[in-house]
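Descriptive analysis of the structure
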Amino acid sequence: MTIEVTIRNAENGSNLNMELEPHTTIEDIIEGAAEFWHKEAGAYVLRRGKKLLKGQSTVMDAGLKNEDVLELIPDPEGG
Amino acid sequence: MAQPGGDDRWDRSRRLGWIDVDSVLESHCLVVGAGALGNETVKNLALSGVGKVTLVDMDHVELSNLNRCLFFSDRDASGKAAKADVVAQGAMRLSSHCEVLPFVSRIEETDLDWTGFDVVFGCLDNIKARLHLNSHSRHHRVPYVDAGTDGSRGKIQVVRREGPCLQCSMNRSHYQVLERRFSCTAGDFTYYEPPMAAEVTTTATMAAMQVKEGLKILSGREDGCIRDVMFYDAMSNESLVLELDIDEDCPNHGM
């Protein structure tokens, strides 16, 4: 069963609604959102609440639910 | 009139109560990267009383570094001085107590005795070196405090002896960046296109937070450390601490 979640862009506050299959991975969500917002190639992470979500987890593994709000955060690489 | 404790270099640090100054004075830290974060981190460690710092960086000073690097000068840039050497000399001028041992080398090519380090600080600009530092810290059970910046954003991750590591927080997007960096590397030079935005207030903020976490570890106050990752955005003045689970598939766990 598919669920619909909202992805928030931490860099500009804009939102994106995504329909997800149970087997969709967090990495797939990151890639889809980064592509939608035409983000520069770079490292990103996704959080739900106070939890940083594991990339290889599926929607089912991560326990994502309908109407969850996730946030896409750039992971700074520079030093 | 002399202030009470005025003749004790560490008096004001002792007055904080939670810093174990004696442990800090005897400690030996590894800092990898002598760029913007490394300048500030080594400065903070020296002023905080750390007794010994091993500093590794393979790069030389460039003029474009001078908007954010405390110890670098025009002369260092024109003379292509080694970053590790310049930071080591600068930090030892700040504190006669602190011995800084510079290694002008990539961390992957440096043969270090990891058993002597109390805390490792990652001040790096690439994922490959971070993974190296992460796996060696895990293997030798040395706490690792990693910092990263990009423009006005920053991140701190505290990798404790137990618990999730840096690699546990990574996903496909990190490995794609890693592959791109490899494809842009030729000989001794790595090309970054475009160069990352960077300025001193964000790098100094992140280095201060990084060293604060290290001082907690050195003082036996790991319970007060960031658990596990903190993201900071200077433009919205927001910081966010996120928990992370151990990734059962991470090669650094279950060994």
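These numbers come from a predicted model, not from an experiment.

**A short note on the overall build of chain B**
Scanning chain B from terminus to terminus reveals 8 helices and 10 strands. In terms of overall size, chain B behaves like a compact globule, its C-alpha atoms giving a radius of gyration of 18 Å where 255 residues would be expected to give roughly 18 Å. When its C-alpha atoms are laid out on the principal axes, chain B stretches across 60 × 45 × 40 Å. Every one of the 255 residues in chain B was classed for burial, and the buried ones make up 53%. Relative to all contacts within chain B whose residues are 6 or more apart in sequence, the contacts with residues 24 or more apart total 64%. Chain B carries 27 positive and 38 negative side-chain charges, and their two centres are separated by 3 Å.

**What to know about the interface of chain A and chain B**
With 27 residues of chain A in contact, the opposing surface of chain B contributes 38 residues. The contact between chain A and chain B buries some 2,700 Å² in all, and 50% of this surface belongs to carbon and sulfur atoms. The largest share of the area that chain A buries against chain B comes from A:Leu52, A:Glu77 and A:Gly79, three residues that together contribute 27% of it. If you look at where chain A meets chain B, you find 7 salt bridges. Counting across the interface, chain A meets chain B through 19 residue pairs in polar contact (both at pLDDT 80 or more). Among the elements of the structure, helix H1 (26-36), strand S3 (44-48), strand S4 (51-52) and strand S5 (69-74) of chain A are those that each provide at least two residues to the side of chain A that touches chain B. The leading source of residues in the side of chain A that touches chain B is H1(A), at 4 residues.

**Section: the environment of B:Val120**
Residue and element names in this part refer to chain B. Within the element layout of this structure, Val120 appears in strand S4 (residues 119-122). The class for Val120 is buried, based on a relative accessible area of 0%. Separated by 77 residues in sequence, Val120 and Ala197 place their C-alpha atoms 25 Å apart.

**Some points on helix H3 (residues 36-48) of chain B**
Residue and element names in this part refer to chain B. The terminal C-alpha atoms of H3, which comprises 13 residues, lie 18 Å apart, in line with the 18 Å expected from a rise of 1.5 Å per residue. Of all 13 residues making up H3, 11 are buried, and the element is well covered by its neighbours. All of the buried residues in H3 are Ala36, Leu37, Gly38, Asn39, Glu40, Thr41, Val42, Lys43, Asn44, Leu45 and Ala46. Just beyond H3, the residue with positive phi is Gly49, at close to 105 degrees.

**Focus: the pattern of salt bridges**
Summed over all chains, the structure comprises 26 salt bridges over all chains. Residue A:Glu31 is joined to B:Arg172 by a salt bridge in which the shortest nitrogen-to-oxygen separation is 2.8 Å. In this pair, A:Glu31 sits in helix H1 while B:Arg172 sits in helix H7 (residues 172-183), so the two residues belong to two different chains. Here B:Glu248 makes a salt bridge to A:Lys54, at a shortest N to O gap of 3.0 Å. With B:Glu248 in the segment after strand S10 (238-242) and A:Lys54 in the loop between S4 and S5, this residue pair bridges two chains. Each of A:Glu27, A:Asp28, A:Glu31 and B:Arg172 takes part in salt bridges that share partners, so that together they form one network.

**Side note on the sheet that holds S4(A)**
All names here are of chain A. Spatially, the 5 strands line up as an open sheet ordered S2-S1-S5-S3-S4, and their pairing is mixed. Strands with a single pairing partner mark the edges of an open sheet, and in this sheet they are strand S2 (15-20) and S4. With 2 bridges connecting them, S3 and S4 associate as antiparallel partners. In the sheet register, Arg47 faces S4, and the bridge partner there is Leu52. Taken strand by strand, H1 contacts strand S1 (3-9), S2, S3 and S5, and its axis lies near 140 degrees from that of S2.

**Some thoughts on the confidence of the model for chain B**
Mean pLDDT for chain B: 94, with 95% of residues reaching 70 or above. In the predicted complex, the global pTM is 0.95; the interface-specific ipTM is 0.95.

**Quick word on the environment of A:Glu4**
Residues and elements named next belong to chain A. With respect to the helices, strands and loops of the structure, Glu4 is situated in strand S1. In the structure, Glu4 is positioned 67 residues away from Glu71 in sequence and 14 Å away in space, judged by C-alpha atoms. Setting aside anything within four residues of it in sequence, one finds Glu4 in contact with Asn17, Met18, Glu19, Lys65, Asn66, Glu67 and Asp68.

**Side note on a nonpolar patch on the surface**
Residues and elements named next belong to chain B. Residues Leu47, Leu70 and Leu94 make up a contiguous nonpolar surface patch of about 250 Å² in total accessible area. Assignment of secondary structure puts Leu47 in helix H3. Looking at Leu47, the relative accessible area reads 44%, which means it is partly exposed.

**Section: the side chain of B:Asp76**
Residues and elements named next belong to chain B. Positionally, Asp76 belongs in helix H4 (residues 74-78). It turns out Asp76 is buried and unbridged, and the closest side chain with the opposite charge, Arg75, is 6.4 Å from it. Separated by 3.0 Å, the side chain of Asp76 and the backbone nitrogen of Ser73 make a polar contact. Dropping the residues within four chain positions of it, Asp76 is found in contact with Val61, Phe71, Ala81 and Val86.

Cut-off values and rules
Residues numbered from 1 in each chain as written. Chains lettered and ligands numbered in written order. Predicted model: local features only at pLDDT ≥ 70, side-chain atom pairs only at ≥ 80, totals over all residues. Heavy atoms only, no water. Helix = DSSP H or I, 4+ residues; strand = E, 2+ residues; numbered from the N terminus. Rg over C-alpha atoms; globule rule 2.2 N^0.38 Å. Buried < 20%, exposed > 50% of the residue type's maximum accessible area, 1.4 Å probe, protein only. Contact = heavy atoms within 4.5 Å. Lys, Arg positive; Asp, Glu negative; His and termini not counted. Charge placed at Lys NZ, Arg CZ, Asp CG, Glu CD. Buried area = accessible area lost by both parts, 1.4 Å probe. Salt bridge = Lys/Arg side-chain N within 4 Å of Asp/Glu carboxyl O. Polar contact = N/O pair within 3.5 Å; in protein donor to acceptor, adjacent residues only side chain to side chain. Expected span 1.5 Å × (residues − 1). Pairing = 2+ DSSP bridges. Axes fitted to C-alpha atoms, helices over the stretch in contact; angles between N-to-C directions. pLDDT = per-residue confidence, 0-100. Patch = residues over 30% accessible without salt bridge, like charges linked within 9 Å, V, L, I, M, F, W, Y side chains within 5 Å. Areas by Shrake-Rupley, 256 points an atom, 1.4 Å probe, with all protein chains shown as cover.

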